Amino acid sequence: MNTSKPKVIKDYDKLDPEIQEKIKLEYPSGYSESLIYFNNKDGKRVSALPFETDDKYYLVRMTIYEAEKIIEEDDDYDSTGSLKDSAKEEYENKYADDDILADEADVDEIDDIADDDFDDDDFDDDDEDKDEDEDEDDKD
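This report concerns the structure included in the present document. (Residues numbered from 1 in each chain as written. Predicted model: local features only at pLDDT ≥ 70, side-chain atom pairs only at ≥ 80, totals over all residues. Heavy atoms only, no water.)

## Description of the side chain of Lys5
Relative to the helices and strands, Lys5 resides in the segment before strand E1 (7-11). The class for Lys5 is buried, based on a relative accessible area of 15%. A distance of 2.8 Å separates the side chain of Lys5 from the side chain of Glu52, its partner in a polar contact. Looking at Lys5, its side chain comes within polar contact range of the main-chain oxygen of Thr53, at 2.5 Å. Once you skip the residues sitting within four places of it in the chain, Lys5 turns out to touch Glu52, Thr53, Asp54, Asp55, Lys56 and Tyr57. (Helix = DSSP H or I, 4+ residues; strand = E, 2+ residues; numbered from the N terminus. Buried < 20%, exposed > 50% of the residue type's maximum accessible area, 1.4 Å probe, protein only. Polar contact = N/O pair within 3.5 Å; in protein donor to acceptor, adjacent residues only side chain to side chain. Contact = heavy atoms within 4.5 Å.)

Laid out in structure tokens, this is it:
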């Protein structure tokens, strides 16, 4: 993981559709087995799906239940929880110029942090940033 990238914690349903599609390519067998766990700034144990693009490092908030539900309700996945070949081919062609898929070393590095205490102060919570921006707009 490149630590100079902006770090973002965000809910899956609030991600841009493009990012969701790229996550599907990264995790074609579903998300629940790839979740990492860490203690947030309040000491609460939370789970998230790690995902890295060229310009950001995401922790996508979700529980195992939410991860499984997302896959069950997504038409891009089949009844076994695997990304359909048609969707995979479509997204691979769509993002062929993007270097989005993590290489083996990146995946190992993400696994290494999964059991560490994690200070989520290092991450921007896009939801909170949006609320703060809206508050500033209201003051004007």
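## Considering the pattern of salt bridges
Within the structure shown, the criterion is met by seven salt bridges. One salt bridge connects Lys94 with Glu21, and the closest N-O pair in it is separated by 2.9 Å. Of the two residues, Lys94 is situated in helix H3 (residues 85-94) and Glu21 in helix H1 (residues 17-26); the sequence distance between them amounts to 73 residues. Taken together, the shared-partner salt bridges in this structure form one network comprising Lys24, Asp74 and Asp76. (Salt bridge = Lys/Arg side-chain N within 4 Å of Asp/Glu carboxyl O.)

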